[in-house]
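Here are the chains, one letter per residue:
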Amino acid sequence: MNQSHKLCVFSSLSGTLYKSGKPMPNAKIIRTAGWQKKTTDMTVTDVNGFFKLPVMNENTIASSLPMQFVARQELMVFDGEQEIVIWSGAKTEKEENSESRGNPLAIECDLDKKDVAIHVNGQAFVTKCEWGVEVDSPVSADDFFNSGA
């Protein structure tokens with residue numbers, strides 16, 4: 001009998017959104033993730049720019065088959081004037097919090113910050129956010145994009 005398994009495509013996260021170093025209230029955050037199917041949810045920041053999103057799992061019966069897991073992740077902010085991608089990544093670990101080496105995913109993002117390309121546990125991210133995680137060896141943006149991440 002086939003048994004369904006949950007795979008984490010985007011860990012639960014909390015964070016604070018800033019613009020020019022000041023908290024951004026009432027900003028809409030849209031999260032998209034998926035491995036075999038695309039899922040989207042959203043939230044709105046509070047008066048202090050704070051937000052929370054629950055874990056995003058995908059059910060599958062194929063988890064025991066030999067195949068590579070790569071879940072595409074994106075966080076986009078809509079502040080009423082423009083849409084800005086603050087997080088784009090490729091999650092290759094099925095476990096929750098692999099984006100933060102097993103710790104709760106708590107991020108701080110400033111819309112005015114330049115995008116940074118990093119790897120965490122071999123997982124690739126381009127982001128305006130920080131989450132106090134130890135990154136793998138630094139890579140240049142050119143190397144990052146040429147690696148197929």
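Rules used throughout
- Residues numbered from 1 in each chain as written.
- Predicted model: local features only at pLDDT ≥ 70, side-chain atom pairs only at ≥ 80, totals over all residues.
- Heavy atoms only, no water.
- pLDDT = per-residue confidence, 0-100.
- Helix = DSSP H or I, 4+ residues; strand = E, 2+ residues; numbered from the N terminus.
- Salt bridge = Lys/Arg side-chain N within 4 Å of Asp/Glu carboxyl O.
- Buried < 20%, exposed > 50% of the residue type's maximum accessible area, 1.4 Å probe, protein only.
- Core = buried A, V, L, I, M, F, W, Y, C linked by side-chain atoms within 4.5 Å.
- Contact = heavy atoms within 4.5 Å.
- Pairing = 2+ DSSP bridges.
- Axes fitted to C-alpha atoms, helices over the stretch in contact; angles between N-to-C directions.

1. Let's talk about the confidence of the model for the protein chain
The predicted coordinates ought not to be read in detail in places where the model reports low pLDDT.
Line of reasoning, step 1. For the protein chain, per-residue confidence averages 87 on the pLDDT scale, and 85% of positions sit at 70 or higher.
Line of reasoning, step 2. Of all helices and strands in the protein chain, the one with the weakest mean pLDDT is helix 1 (residues 141–146) (58), whereas strand 6 (residues 50–53) scores best (98).

2. Details of the pattern of salt bridges
Line of reasoning, step 1. Summed over the entire model, instances satisfying the criterion amount to four salt bridges.
Line of reasoning, step 2. Where Asp-136 meets Arg-101, a salt bridge forms, and the shortest distance between an N and an O atom there is 2.6 Å. Within this pair, whereas Asp-136 is found in the loop between strand 13 (129–130) and helix 1, its partner Arg-101 is found in the loop between strand 9 (83–91) and strand 10 (105–110), the two being separated by 35 residues in sequence.
Line of reasoning, step 3. The partner of Asp-115 in a salt bridge is Lys-128, with the nearest N and O atoms 3.5 Å apart. With Asp-115 in the loop between strand 10 and strand 11 (116–120) and Lys-128 in the loop between strand 12 (123–127) and strand 13, this residue pair connects regions lying 13 residues apart in the sequence.
Line of reasoning, step 4. Residue classification places Lys-128 among the buried residues on the basis of a relative accessible area of 11%.

3. Structural notes on the nonpolar core
Line of reasoning, step 1. In terms of nonpolar packing, the biggest core is built from 30 residues, with Leu-17, Leu-75, Ile-86, Trp-87, Ile-107 and Trp-131 touching the most fellow members.
Line of reasoning, step 2. Elements with a minimum of two residues in this core: strand 1 (5–10), strand 2 (13–19), strand 4 (28–34), strand 6, strand 8 (71–78), strand 9, strand 10 and strand 11.
Line of reasoning, step 3. Apart from residues no more than four positions distant in its own chain, Ile-86 is found in contact with Leu-17, Leu-75, Val-77, Cys-109, Leu-111, Val-126, Thr-127, Lys-128 and Cys-129.

4. Brief notes about the sheet that holds strand 9
Line of reasoning, step 1. With antiparallel pairing, six strands are arranged side by side in an open sheet as 5-4-8-9-12-11. The sheet terminates laterally at strand 5 (38–44) and strand 11, the two strands that pair on one side only. The sheet shows a mean angle of 15° between the axes of neighbouring strands, direction not considered.
Line of reasoning, step 2. Examined bridge by bridge, strand 4 and strand 8 share seven bridges and lie antiparallel to one another. Looking across to strand 8, one finds that Ile-29 is bridged to Val-77.

5. What about the side chain of Ser-11?
Line of reasoning, step 1. If you trace the backbone, Ser-11 turns up in the loop between strand 1 and strand 2.
Line of reasoning, step 2. By relative accessible area, Ser-11 is classed as buried at 0%.
Line of reasoning, step 3. Ignoring anything within four residues of it in the chain, the contact list for Ser-11 reads Arg-31, Pro-54, Val-55, Lys-91, Glu-95, Glu-96, Asn-97, Ser-98, Glu-99 and Leu-105.

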